[in-house]
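# Structure assessment
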2 protein chains.
Amino acid sequence: MIQIQGWAAKSPKAALELISVDADDLGAEDVEVLVEHCGICHSDLSMLNNDWGFTSYPIIPGHEVIGTIIAIGSAVKGLKVGQRVGVGWNSGSCMHCQECVTGQHNLCSQALPTIAGGHHGGFANKIRAHWVWVIPLPENLDASSAGPLLCGGITVFAPFLNFDIKPTHHVGVLGIGGLGHLGLKFANAWGCEVTAFTTSELKVDEAKRFGAHNVITSYDTDSILKAVNSFDLLLVTVNVPLDWATLLKTLKPNGRMHVVGAVLEPMPIPAMNLIFGQKSISGSPTGSPAAIATMLEFAARHNIAPQVEHFPMSQVNEALAHLIDGKARYRIVLDADF
Amino acid sequence: MIQIQGWAAKSPKAALELISVDADDLGAEDVEVLVEHCGICHSDLSMLNNDWGFTSYPIIPGHEVIGTIIAIGSAVKGLKVGQRVGVGWNSGSCMHCQECVTGQHNLCSQALPTIAGGHHGGFANKIRAHWVWVIPLPENLDASSAGPLLCGGITVFAPFLNFDIKPTHHVGVLGIGGLGHLGLKFANAWGCEVTAFTTSELKVDEAKRFGAHNVITSYDTDSILKAVNSFDLLLVTVNVPLDWATLLKTLKPNGRMHVVGAVLEPMPIPAMNLIFGQKSISGSPTGSPAAIATMLEFAARHNIAPQVEHFPMSQVNEALAHLIDGKARYRIVLDADF
């Protein structure tokens, strides 16, 4: 019997404490990874707090894992022990539904989140996942900061792949935080004209350094209206209610407002704001294994890395407090110190 | 000075009366059409009532025109006197913006609606329009019933063209009226599996005759949930608030809810219902001249005609009352009798 050590919360908002959990024999299709680094994502907080209602306790959070393969099951394909890999939001999927067999495993209705359904996440010494969700890391990508690409990065990168965004397009990014700063970097590297929306004057220079050509420093209606008819893609990374009807006016004809922030309050959308200009609103959940691999290759080639702060994993509670206080610039990575 | 005779309302909800209006010399790029038939669209009512706030009175409604060209300006292209043509929601556009030069004239921000901005519509003996918006009718299409294709028809047809709907897709049509019954016919001819949603038990057999393979006879939440994970495209032709959040659950992964009914109340959309399954909500305004021509050719080839009731144009007020009473089955055509 293998034991996994991990930092777990036993109830909503409880401090994390180190626990040991027994692990079964490794499944034939599964991979065991020795965790080296793990990013903290806002959805780790949502799951710790049971904001979405499907947390099972004790929960070991962490789904932006970088590590090295230490064991593989007999049916694992394309991976070997010793390889450096990443694991993101999902750790399994049914492999036989229409979505899985067309390479869209992240849309599988049976997809197993890394930190739900009794699966243990990456704030641990080891993690396991189905081989399809274990993505080899390009050699020229800095492993110590790559973790946040596995969830935050793919979440903002996938829309560029999925919706045929072109380098000639104009892209707006709402919210310059863990997701948004990566959205700026990817949009810039994609060749687009990039506009950042932030409420923080302090982030203007950083937004430009991340790749924004223009910065709008408010979400109020007048400020939004300055950007009327500007964007082919508006990437919404915030999770608070905004003036959605007015934001739709910043789209060009055929423009798309794509929501990746988990805004809990329903968005009141006037049909007319979609009809005039043939506009769309959409959302997406992280990305497929193939999209993650494509993103990692693109990030390595364009030298795109999350801007991170490091904490030893044993200081996970301090790191979470830093995130909750809104102080993270822009993503936190825990370094395993078991 | 040419005089045009038309049925006009002089204030919101006033009865229509026959008036004469002076027309300037025909513009170089304009076409004059002798009206033979004109459909009544729900948006004629909305404009008569100034529901959208941009009606100018007196208004001569009518934007589903079938007639014959009786005069052309010196710069008109591709049309000649004597040709049978149709004119729909738009009668002009700037011709030089990005949308016009890419063949998406219906998305031109300067597009001139046939019944707004001082332009007179088709409840008249004559109508004028820019040549690009005057669409030749295929010879094997029945002219007396074709009018409603020019607005109602293209409105439900354009999404099939624009969003890459395939014959393998499953399509739901919400609301079986003037728009919806054409949506069923086009979806069926497109090769799709077709499901109709209606609140009227009386329309079940007719919906099947129009091409529905399945009929759901309620918009309540339980009935909608029977169709969970069913549709690639859900075409919303109603203009009343529905349980939008639940309707999104009837979409398959990558599914699209496309709104062509002018629902006035903002739709409360939970972001999570878009994020899980990578779903979209969109809208569109009628269609481009090229799309209208493509639709007419497709309708002629597949023998698709609106199901219409005829009224002499001089009985326009009786015809409007019939529509307001919800008795139209399924579209009304006025036959010119000046």
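Sequence order as written defines residue numbering, which begins from 1 separately in each chain. The naming scheme follows written order: chains are lettered A onward, ligands numbered 1 onward. Since the coordinates come from a predicted model, pLDDT governs what is reported: local features require at least 70, and pairs of side-chain atoms require 80 or more to be given and counted, while whole-chain, interface and lining totals use all residues. Computation of side-chain values covers all heavy atoms of the structure but excludes hydrogens and water.

Residues and elements named next belong to chain A. For each residue, the accessible area found with a 1.4 Å probe, counting protein chains only, is set against the maximum for its type, and the residue is called buried under 20%, exposed over 50%, and partly exposed in between. Strands are runs of DSSP state E lasting at least 2 residues, helices are runs of H or I lasting at least 4, and numbering of each runs from the N terminus. Buried residues dominate strand 14 (residues 251-259), accounting for seven of its nine residues. In short, DSSP must find at least two bridges between two strands for them to pair. In this structure, strand 13 (residues 231-236) lies alongside strand 14, joined through five bridges in parallel fashion. The residue bridging F231 from the neighbouring strand is L251, located in strand 14. Here four bridges tie strand 14 to strand 16 (residues 280-283), and the two strands are oriented parallel to one another. Its bridge partner being in strand 16, M257 is matched across the sheet by I281.

When their charged atoms lie close together, side chains carrying opposite charge are able to pair. Only one rule defines a salt bridge in this text: a Lys or Arg side-chain nitrogen within 4 Å of an Asp or Glu carboxyl oxygen. Within this structure, the stated rule accounts for 16 salt bridges over all chains. Note that D164(A) and K166(A) form a salt bridge whose closest N and O atoms lie 3.1 Å from each other. In this structure, the salt-bridge partner of E206(B) is R209(B), at a minimum N-O distance of 3.3 Å. Taken together, the residues E206(B) and R209(B), both in helix 6 (residues 204-210) and three residues apart, mark about one turn of the helix.

All names here are of chain A. What the domain assignment reports for chain A is domain 1 (2-151 + 287-335) and domain 2 (153-283). What fixes the domain bounds is an automatic or database domain assignment. For domain 1 versus domain 2, the distance between C-alpha centres works out to 27 Å. Between domain 1 and domain 2, the residue contacts involve 21 residues of the former and 23 residues of the latter. When two components associate, each loses some accessible surface as probed by a 1.4 Å sphere; the sum of these losses over both components is called the buried area. Of the roughly 1800 Å² buried at the junction of domain 1 and domain 2 (both faces included), carbon and sulfur atoms supply 69%. Along the contact surface separating domain 1 from domain 2 lie zero salt bridges. Of all the elements, helix 10 (residues 289-301) adds the most residues to the side of domain 1 that touches domain 2, at six residues. Any residue that is not Ala, Val, Leu, Ile, Met, Phe, Trp, Tyr, Cys, Pro, Asp, Glu, Lys or Arg is counted as polar, Gly included; the first ten are nonpolar and the last four charged. In terms of residue class, the side of domain 1 that touches domain 2 is made up of 14 nonpolar, five polar and two charged. Any two residues whose heavy atoms approach within 4.5 Å are treated as being in contact.

Residues and elements named next belong to chain B. Here a cavity is any set of points on a 1 Å grid over the protein atoms alone where a 1.4 Å probe fits but cannot get out, and a pocket is any open set with protein on both sides within 12 Å along at least 5 of 7 lines; a residue lines the site when it has an atom within 4 Å of a point. Grid points are joined across faces, edges and corners, and a volume is the space filled by probe spheres set on the points. The final tally for this structure, using the stated rule, is one cavity of 30 Å³ or more. Estimates place the volume of the largest cavity at around 50 Å³. In terms of lining, the largest cavity is formed by S56, P58, I59, I60, I115, A116, G117, G118, H119 and H120. In terms of residue class, the lining of the largest cavity is made up of five nonpolar, five polar and no charged.

So, about the packing of aromatic side chains. Only centres within 6.5 Å qualify two rings of Phe, Tyr or Trp (six-membered ring in Trp) as a pair; their planes then separate them into stacked at under 30 degrees, edge-to-face at over 60, and tilted for everything else. Per the stated rule, a full pass over the model turns up 20 aromatic pairs over all chains. Between the aromatic rings of W52(A) and W89(A), the centroid separation amounts to 6.4 Å while the plane-to-plane angle is 70 degrees, which identifies the pairing as edge-to-face. Placement of the pair is W52(A) in the loop between helix 1 (42-48) and strand 4 (65-72) and W89(A) in the loop between strand 5 (84-87) and strand 6 (90-92), with a sequence separation of 37 residues. Its relative accessible area of 24% is what places W52(A) among the partly exposed residues. Residue class for W89(A) comes out buried when judged on its relative accessible area of 14%. Pairing F160(B) with W190(B) gives two aromatic rings, centres 5.3 Å apart and planes at 50 degrees, and the pair type is tilted. With F160(B) in helix 4 (residues 152-162) and W190(B) in the loop between helix 5 (178-189) and strand 11 (193-197), this pair connects stretches of sequence that are 30 residues apart. Given a relative accessible area of 16%, W190(B) falls into the buried group. Chaining the aromatic ring pairs together yields one cluster made of F157(A), F160(A), F186(A), W190(A) and F298(A). Sitting over the ring of Y330(A), R329(A) keeps its end group 5.7 Å from the ring centre. A cation over an aromatic ring shows up here: R256(B) above the ring of F163(B), its NZ or CZ 3.7 Å from the ring centre. By definition here, charges over rings are those cases where NZ of Lys or CZ of Arg is within 6 Å of the ring centre and within 35 degrees of the ring normal.

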